[in-house]
Amino acid sequence: MKIPFTLRLAYHGVRVALRVAVLFFCAWLVFIPANAEERAALGASADQQYPLGLRPMRTARAIVLVAPDRFYGFAADMFGPEVSPLMLRIAMLRLAAGIPPPGNMQAGSEQSNGRDIDGPKFIQVD
């Protein structure tokens, strides 16, 4: 059985459109510099074109925009039982807003909590 020409044409047209969309998305992630809103969300200076965290923020924005509710459940299953779908959704929304994860502090932004000591850092109890 041969598929009609119009259906084959529509299939290949949709396939090409999806490839072009993925190509544009990758180009947006890699080559387009940050706009003023993205720089402000990431806390970068005005002269910085590609601030740290721009690409993860853009990826999270695309996921939040496109992904259905079931995505968070499937992704939480991949991470294991300690990650819930709600926790993953909140993390994606925070990352899309430009707020880095708490465990992902950059060097130089560490704050001293007044507990610096000289000598050994660990104490072992017998």
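Refer to the structure presented above.
What counts, and at which threshold
- Residues numbered from 1 in each chain as written.
- Predicted model: local features only at pLDDT ≥ 70, side-chain atom pairs only at ≥ 80, totals over all residues.
- Heavy atoms only, no water.
- Helix = DSSP H or I, 4+ residues; strand = E, 2+ residues; numbered from the N terminus.
- Buried < 20%, exposed > 50% of the residue type's maximum accessible area, 1.4 Å probe, protein only.
- Areas by Shrake-Rupley, 256 points an atom, 1.4 Å probe, with all protein chains shown as cover.
- Axes fitted to C-alpha atoms, helices over the stretch in contact; angles between N-to-C directions.
- Parallel < 35°, antiparallel > 145°, perpendicular 65-115°, else oblique.
- Left-handed = near helix turned anticlockwise from the far one by under 90°.
- Contact = heavy atoms within 4.5 Å.
- Nonpolar A, V, L, I, M, F, W, Y, C, P; charged D, E, K, R; others polar.
- Arc of directions from axis to C-beta.
- Salt bridge = Lys/Arg side-chain N within 4 Å of Asp/Glu carboxyl O.
- Polar contact = N/O pair within 3.5 Å; in protein donor to acceptor, adjacent residues only side chain to side chain.

1. Things to note about the overall build of the protein
The helix and strand tally for the protein stands at five helices and zero strands. Counting only residues that meet the buried cut, the protein has 17% of its 126 residues in that class. Summed over all atoms, the accessible surface of the protein reaches about 10,600 Å², with 65% contributed by carbon and sulfur.

2. Quick word on the packing of helix 3 (residues 54-66) against helix 5 (residues 85-96)
Contact geometry for helix 3 and helix 5: axes closest at 7 Å, N-to-C directions at 125°. Taken together, the axes of helix 3 and helix 5 are oblique relative to one another. Judged by the sense of rotation from one axis to the other, the crossing of helix 3 with helix 5 is left-handed. When helix 3 is examined against helix 5, the residues P56, M57, A60, R61, I63 and V64 are found in contact with a partner set consisting of M92, L93, L95 and A96. When grouped by side-chain class, the residues that make up the contact of helix 3 with helix 5 number nine nonpolar, no polar and one charged.

3. Observations concerning helix 4 (residues 69-79)
Residues of helix 4 that are buried include every one of Y72, A75 and A76, and no others. The arc that holds the buried residues of helix 4, viewed along the axis, is 105°, so those residues lie on one side. Of the exposed residues in helix 4, those oriented more than 90 degrees away from the buried face are R70, F74, D77 and M78. Each element contacted by the buried residues of helix 4 is listed here: helix 3 and helix 5.

4. Quick notes on the packing of helix 1 (residues 5-30) against helix 3
Where helix 1 meets helix 3, the axes come as close as 9 Å, and the angle between the chain directions of the two elements is 145°. Contacts between helix 1 and helix 3 involve F25, W28, L29 and V30 on the former and, on the latter, R55, R58, T59 and A62. A breakdown of the residues in the contact of helix 1 with helix 3 according to their chemical character gives five nonpolar, one polar and two charged.

5. Digging into the pattern of salt bridges
Here the structure, examined in full by the defined rule, presents three salt bridges. As a salt-bridge pair, R58 and E38 come within 2.9 Å of each other at their nearest N and O atoms. Within this pair, whereas R58 is found in helix 3, its partner E38 is found in helix 2 (residues 36-42), the two being separated by 20 residues in sequence. We classify R58 as buried; its relative accessible area is 1%. Close ionic contact of R89 with D69 constitutes a salt bridge, the shortest N to O distance being 2.7 Å. Remark: D69 occurs in helix 4 and R89 occurs in helix 5; sequence separation between them is 20 residues. Overall, the relative accessible area of 57% leaves D69 in the exposed class. The structure contains a network of salt bridges with shared partners spanning E38, R58 and R61.

6. Describing the side chain of R58
Of note is the side chain of R58, whose polar atom sits 2.6 Å from the backbone oxygen of W28. Setting aside residues up to four positions removed in sequence, R58 forms contacts with W28, L29, I32, P33, A34 and E38.

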